[in-house]
Each structure stands twice: as C-alpha cells, then as structure tokens.
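Close look at the chain arrangement
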Amino acid sequence: MSTEQERLNDTQIRAEMITIAYNNLGLSSLVVVVNSLVLTMALWGVVDHTTLLLWLSMTTVVSLARFYSVFYFKHYKLHHPTKYWEQLFLIGVTAAAVLWAAASLLLFTPESMSHQAILMIVIAGISAGAASSLATVKNAVRLFLVLMLVPLIIQLLLQNSEVHLWIALLIVLFLAFLSAIAKRYNENSYKMVESRLMYDKAKKELHITEERFETVFREAPVGIFLYDTRLNILEVNQEFYSFLEAPQHYLVGLDMNSLRDKRIMPALQAVLDKLDGFYEGQYKTQYKSKEIWITMRTSPVLDGDRRVIGGIGIVNDITERMNDQKKIQHQAFYDALTNIPNRTLLMERIHQEIIRFKRHKVIAGLLFLDLDHFKNINDSLGHQIGDQLLIETAKRLQSILRDEDTVSRLGGDEFVILLPDLGSEPLDAIGKADLVARKVHKALSSPFTLQGHNLTTSTSIGMVITDEDNTTTDDLLKHADMAMYQAKKEWRGSTSFYRPEMDRLIKRRLTIDHALRSAIGTKELQLYFQPITQFATGKIIGAEALLRLEHPELGQITPDEFIPIAEESGIIIDIGEWVLNQSCTQFAQWQKELAPFCPLQKIAVNVSSKQFREATFVNKVLAAISENGLKPGQLELELTESIIIDNLELVTEKMLLLRSYNINLSIDDFGTGYSSLSYLKKLPFTTLKIDKSFTQDIQTNMDDADLIRTIISIAHRFHLDVIAEGVETVEQYAFLDKNHCNCYQGYYCSQPLPYDEFIDMVRKNTETCSLKSPAP
C-alpha cells in the first residue's frame with residue numbers, strides 16, 4: 001500500500017473536528033445566554049433599558065438559533081458535506097461575535113469604572129470559553145476573538161486615560177494569549193482525532209481471518225517456513241519446497257541442526273535470543289546437493305507472555321539475479337567480442353601497478369599493439385572475418401603470456417598488454433618487455449586460416465615502462481600509444497620504445513593539424529607543379545599538382561608529414577577539393593598565357609581515399625572542369641591502390657562513371673602496395689605510374705630493372721601510358737627510354753616548381769626543345 005493510501009484523509013479529520021465543535025455548541029450557547037442575562041441585570045441601572053433589552057433579545061435569538069443548529073446537525077449530518085456545516089457554524093460564530101462587539105460599544109459606561117469592569121469580565125470569560133469550545137474550527141476561534149475583543153480595545157483607547165490605556169494593553173496581550181492557546185488546542189485536537197482514526201483503521205486491519213492468513217502463507221511468492229526452538233521445521237509453503245526441489249514430507253519435521261551446510265545456522269539461531277537473523281550467499285541444498293544463492297531473513301515468534309516459541313524464515317532464491325549480476329559485471333570489465341579485459345579493467349590494473357612502483361619501485365611494462373592493415377582486411381573480406389581475426393589474435397596473445405599478465409582490447413584493432421613484476425632495474429625491465437614483444441611478433445606472424453582465407457598480418461608495438469616520467473595511467477597509456485605510432489611510421493611490424501622526444505613530435509602533429517584547418521583561408525597551402533616530360537619529343541606535356549604547406553613557425557612542411565595528418569583528421573576532403581579547383585584554374589590560366597601553341601595536354605591531381613569515397617565526388621570534379629572551361633580529357637586523377645581495394649565494386653562503378661566523361665585515371669605508385677594485374681584488366685585506367693623506389697635502383701638492382709621492363713610491357717598490352725617517377729640520372733633516363741616508357745617525372749627534368757617558375761620553364765622548353773631527350 002502506498003504512502004498516499006496509508007495517510008488519513010484530511011477531509012475525514014476535518015469532519016470529525018466539526019462534529020466536536022457542534023457537540024460543544026449546545027453548552028456554550030446556554031453559557032452565552034446566562035452571561036447575557038447576568039450582564040443585563042448588572043447594567044440595568046446605568047444603561048438605557050431599551051438598548052439592554054434589544055441587545056439581550058438579539059443575543060438570545062442568536063444563541064437559540066445556534067442551539068437549534070446542533071439539533072439540525074445531528075439529524076441531517078450525512079445530507080450535507082463538511083464544507084456546508086463548517087460555513088453554517090461560522091455564520092453563527094460571526095453573529096454571536098458581532099453582538100458581543102456591539103456590547104463593547106453600546107453597553108460601555110464611561111462614567112462607571114465598576115460597570116466597565118463587569119462588562120470586561122463577562123467579555124473575557126466568554127472569550128476564554130470560546131478559545132476551547134471553538135478551537136476545533138481554526139477560522140472560527142480567530143474570527144470570534146478578533147470581532148469580540150478589538151472593539152473593546154478601541155473603546156478603552158477612546159477614554160484617553162492612563163488606566164484605560166493599560167487595560168487595553170492587557171486585553172491585547174490576552175487576545176494574543178488566547179489565540180496561542182486556541183492554536184495549540186486546535187493542533188492537539190487534530191492529532192487526537194488523527195490518532196483515533198488511525199487506531200480505528202489499524203484495528204480493522206488487524207482483524208485478519210485465519211483463512212486469509214493461510215492463503216497468504218500458502219501462495220506467497222517467497223519461501224516461508226516455521227520452526228520451533230529446537231530448530232525443527234513445523235510448516236513450509238509451496239514456494240519453499242519448490243525451489244529446494246525437495247518433497248514437503250521430507251522438509252516438515254526436518255531437524256535443521258543436521259544440515260550439512262552450516263552457513264545459515266547463525267541466522268536460524270538468532271531468533272532464540274529474540275533477534276532477527278539474516279544470511280545472503282551461496283547454499284548447498286540438503287536433498288539434492290544443489291548449489292544456489294539465497295537471501296534468508298528470520299524473526300522470532302512469541303507467545304502471549306513474549307517468550308520465544310520458535311521462528312519464521314523467509315527465503316528468496318536469488319541464483320538468477322546473482323548470475324545476472326556476474327554477467328553485468330563481466331560485461332562492464334571485459335570486451336564483448338574477444339572476452340578479454342576492456343579499457344576499464346586495464347586502467348584499474350595499470351593504476352595498481354603505478355602505486356606498486358611508487359611504493360616499492362617494482363617496474364611494470366606496457367605494450368600497445370595495433371594490427372597492421374587490419375582495415376584493408378576488414379573492408380575487403382567483411383566484418384565477420386575481421387571480428388574472427390580479432391578473436392584469434394586475442395587467443396594467441398593469451399597463449400604466450402603469464403597468468404599475472406593482462407592482455408586487453410581497447411577497441412578496433414588495438415590491444416594492450418600489461419606486464420607486472422619486471423623487477424626494479426629499468427634496463428632489465430626493458431629487456432623482459434622486449435622479449436615479450438618479440439614473442440608477440442612471432443605469434444602473430446603465422447598465417448590465420450579463417451573461413452577458407454589464409455591471412456598474414458603483423459603488428460606495430462609501442463613499449464613503455466613505469467618510471468618517474470609515467471606517474472599516471474593516462475601518461476602510461478598515452479606514451480605507449482605514441483611509441484606505437486612511431487613504430488608504424490618507422491617500419492610496420494616493428495617495436496618502438498617510448499622516448500620523451502615523442503612528446504615533441506605529438507605536439508608538432510597537433511600544430512600541423514591546427515594549421516591545416518585554417519591553411520586554405522590563410523594561404524599557407526600552396527600548389528607546386530612537377531613537369532611531366534615525354535620521352536619521344538623531350539617536351540613538357542603536363543604537370544602533376546603537388547601540395548606544399550608553409551607554416552610561419554615550423555617553416556615548409558613536406559606532404560609526407562602533413563598529408564597523413566590531414567587524412568586522420570578528415571580535413572583532407574576540404575583540402576582535396578581546394579587542390580582540384582586550384583589545379584583546374586591554374587591549368588586554364590596556362591592555356592591563356594601560352595596561347596596559341598600551348599604544349600600542355602593535362603594536369604594530374606592526386607585524390608585521397610576519403611575524398612574519392614564521397615558521394616558527391618564525381619559532381620565536384622565535373623563542376624571544377626566546367627567552371628574553368630577545361631576539356632575533361634585534360635584532367636587526370638591519380639588514385640592510389642588503397643582506394644582500389646577499399647570497395648572494389650563501388651570503386652569500379654565510380655571510375656567507369658568518370659571515364660564516361662572522358663576524364664583520365666592513373667594508378668599511382670604502382671608496385672608499392674597490394675598491386676594486382678587483375679586491377680589493370682578490370683579497372684578503366686588510362687595511365688600507370690611506376691613508383692620512384694623502383695626507378696632509383698635500376699642501375700644496380702637487376703630485379704628492379706626486370707620488374708620495370710615487365711610493368712612497361714604489361715601496361716602497353718593493356719593500352720596504358722606509363723610514367724616513371726623519380727628519374728634523376730641520365731642512366732635512368734636512358735634505360736626507361738630504351739624500354740619504351742612514355743613519360744617521366746623527376747629532378748632530371750625539374751623539381752616541383754611554383755606557378756611562375758613552371759610557366760617560364762615550359763616556355764623555354766617549347767622554344768629550345770628540338771632533341772628527343774632534354775639536356776641533363
């Protein structure tokens with residue numbers, strides 16, 4: 001039952017208070033008549049008889065009317081609401097108070113102090129009586145006292161004497177005193193009525209029949225059992241023997257002293273000392289030896305003399321709840337996919353190891369792992385295989401670690417290994433952590449066979465140990481993360497130990513990231529153009545637009561440094577769009593400046609994977625061409641292999657759409673990634689660009705030379721133009737020319753140039769170039 005339901009209805013209490021007021025009204029009305037008669041007789045010789053008789057008559061009539069209202073209330077109480085009877089009562093009170101107020105004005109004798117005293121005594125007596133008889137109706141007593149005494153106070157003040165002034169003051173105090181008494185009396189009456197009603201209600205509720213008690217005992221959704229002082233079970237309900245999976249005849253009469261599981265005995269025996277008992281925990285049942293979780297409360301059962309005659313126990317089977325709590329706790333601290341500790345549990349354990357280091361100088365190590373190229377596997381083969389790879393990775397990591405070590409998954413393809421107890425010498429600790437890192441590399445280098453796919457992966461590891469520079473969990477994890485990124489940068493599949501200078505590199509990355517976000521507006525981004533030169537004529541036929549970032553504090557920042565940062569932050573999309581539009585604008589300007597015989601046939605623009613994946617990418621390309629008056633064939637978009645393998649079906653569809661507008665497409669840095677000849681066959685490329693890493697070694701590395709011959713031969717078979725990047729020497733130039741490479745880029749012709757210098761070079765090349773090869 002709710003608190004609102006248990007609380008007594010205020011209307012019911014008010015009704016009882018009104019009843020008390022009407023019960024007092026008969027006697028108080030008789031007292032008023034008697035006092036009126038006595039006052040009339042006392043003042044008969046000093047007050048006008050007509051006035052006296054008129055006042056006495058009206059007072060008597062009002063008193064009789066009020067007396068009659070008592071009779072009317074008793075016979076018709078249920079015919080009207082409480083509010084009606086309260087208003088009727090207040091009307092009578094008001095009428096009586098007005099008549100007594102009139103007495104203070106009409107019957108006051110200025111010339112006779114003794115008769116004044118008689119009048120004041122009678123009024124004081126009537127007021128005192130009202131304080132108790134009217135107090136059950138709060139508004140009534142206030143109204144009566146104010147109307148009755150205030151006119152008397154005013155009359156006394158009008159006498160302009162010191163004596164009357166003091167008497168008026170005493171009556172004011174008397175009024176305040178009576179008001180306080182009436183308020184207290186009202187509160188006590190309210191509480192008395194409330195207590196009586198509560199008692200009546202409780203009395204009714206206690207009259208529960210034996211049949212009803214038996215029903216509650218039998219049908220209760222909890223286990224209930226009664227037992228005597230010798231701990232013999234007297235009676236059990238259905239729920240009790242149901243969850244214990246024991247028959248009723250086995251439980252009734254069972255001596256609980258013989259129970260094998262003694263964990264509940266203190267709670268059972270507590271009732272013998274008139275105490276409540278409690279137990280919560282595991283319990284092994286007597287009949288079936290089943291492990292369950294229970295909560296049990298016991299209370300003593302007393303006889304009429306308050307002696308203990310036994311106890312009653314209430315038992316809940318909380319096995320399911322405890323299992324749910326364990327499951328929730330597990331979910332809070334363990335990764336749902338791999339079932340290894342998650343970030344929360346890892347941070348707790350790192351915190352404990354930092355405390356150990358501070359107190360006892362026991363060093364712990366942290367390895368931060370990131371699977372190399374996991375995104376490519378996840379996107380190309382599907383998330384199901386990606387998830388399975390993460391699960392198998394977690395299993396392999398667990399298999400090579402000690403029991404006290406913790407392997408945790410932070411999310412995605414990031415794992416962290418916590419290595420406690422590495423000793424107190426930093427060099428020894430680093431050596432031990434490095435040994436574990438080598439085991440990790442070895443464990444993850446073996447192929448994974450997942451749903452018919454043999455996958456080979458590697459991991460980049462950042463390593464850090466607890467020391468004076470790593471005093472918080474955030475520091476330790478952040479520094480391990482920095483070291484991991486350094487390992488990726490230096491060589492994927494390697495381990496890097498955290499060094500303080502990595503903080504400087506991270507701050508530099510943040511500065512560059514901030515600069516990139518405002519670089520377009522502040523003109524810190526600039527386009528440089530590297531000539532694309534034709535072997536057959538020696539003429540510059542185009543240019544590749546290359547981005548440069550000039551920072552006011554850091555100076556010129558290379559694309560190799562800022563492009564990955566732009567990729568990670570997502571700003572590469574805005575930058576890529578700016579490069580596309582600027583490149584088309586510049587190319588259109590060249591057409592005008594070099595007219596009428598402009599040798600430039602195309603402008604090549606690099607496209608990032610995020611930019612290419614945009615749904616509006618093709619529309620933006622077409623808009624840049626149209627707004628600058630270019631022919632679609634004058635624009636060449638350079639795509640990396642990472643774009644191609646991202647989503648082959650979607651990429652193919654978008655490339656075919658671009659080719660349908662006659663826009664040229666080149667595959668950039670061919671041979672450095674997951675190059676597949678099937679891409680050349682399936683995808684509508686127009687140009688293949690050989691990466692400079694192959695070009696640079698063709699003079700000394702026969703394998704690279706043979707590979708370039710093969711690439712050029714295959715590209716021509718697929719009707720692709722071939723551009724070699726990184727041509728710097730005459731020997732490299734001669735080799736590529738001999739093997740029928742179409743064009744080249746590199747310092748042998750020119751480094752990337754700003755707009756004006758590029759235009760000057762094109763003009764000179766057009767005027768002076770008459771040989772097949774340009775001068776070195």
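It should be noted that the structure appears before, not after, this text.
1. A short note on the pairing of strand β4 (residues 291-302)
Here eight bridges tie strand β3 (residues 277-284) to β4, and the two strands are oriented antiparallel to one another. Pairing of Gly-277 across the sheet is with Thr-298, part of β4. Here β3 hands over to β4 after six residues, with Ser-289 in that stretch at a positive phi of 55 degrees. With nine bridges joining them, β4 and strand β5 (residues 308-317) adopt antiparallel strand pairing. Residue Ile-294 lies in a different strand from β5, and its bridge partner there is Asp-317.

2. Considering the sheet that holds strand β7 (residues 406-411)
The five strands are arranged β7-β8-β6-β11-β12 in an open sheet whose pairing can be described as mixed. The sheet terminates laterally at β7 and β12 (495-497), the two strands that pair on one side only. Shown here is a sheet whose adjacent strand axes are inclined to one another by a mean of 20 degrees, direction ignored. For strand β6 (residues 365-371) and strand β11 (residues 459-465), the ladder comprises seven bridges, and the chain directions are antiparallel. Bridging across to β11, Gly-365 finds its partner in Ile-465. In the packing of helix α13 (residues 343-360) onto the sheet, contacts are made with β6, β7 and β8 (414-419), and the angle to β7 comes to roughly 130 degrees.

3. What to know about the pairing of strand β13 (residues 525-534)
Looking along a regular strand, one sees the side chains alternate between the two faces of the sheet. Burial analysis of β13 places eight of its 10 residues in the buried class, the great majority of the element. As paired elements, β13 and strand β14 (residues 540-551) share nine bridges and run antiparallel to each other. Residue Pro-531 lies in a different strand from β14, and its bridge partner there is Ala-543. In sequence, β13 turns back onto β14 through a hairpin of five residues, with Gly-538 there showing a positive phi of about 75 degrees. Strand direction decides the pairing type here: β13 and strand β21 (residues 743-744), joined by two bridges, are antiparallel. Bridging across to β21, Gln-534 finds its partner in Cys-743.

4. With respect to the packing of aromatic side chains
With the rule as written, the count across this model stands at 22 aromatic pairs. When the ring of Phe-612 is compared with that of Phe-617, the centres are 5.4 Å apart and the planes differ by 55 degrees; the resulting orientation is tilted. In this structure, Phe-612 and Phe-617 share a single accessibility class: buried. Members of the aromatic cluster, each reached through a chain of ring pairs, are Tyr-68, Phe-71, Tyr-72, Phe-73, Tyr-76, Tyr-84 and Trp-85. Sitting above the plane of the Phe-357 ring, Lys-361 keeps its charged end 4.9 Å from the centroid.

Rules used in this analysis
Residues numbered from 1 in each chain as written. Predicted model: local features only at pLDDT ≥ 70, side-chain atom pairs only at ≥ 80, totals over all residues. Heavy atoms only, no water. Pairing = 2+ DSSP bridges. Helix = DSSP H or I, 4+ residues; strand = E, 2+ residues; numbered from the N terminus. Axes fitted to C-alpha atoms, helices over the stretch in contact; angles between N-to-C directions. Contact = heavy atoms within 4.5 Å. Buried < 20%, exposed > 50% of the residue type's maximum accessible area, 1.4 Å probe, protein only. Phe/Tyr/Trp six-rings, centres within 6.5 Å; stacked < 30°, edge-to-face > 60°. Lys NZ or Arg CZ within 6 Å of the ring centre and 35° of its normal.

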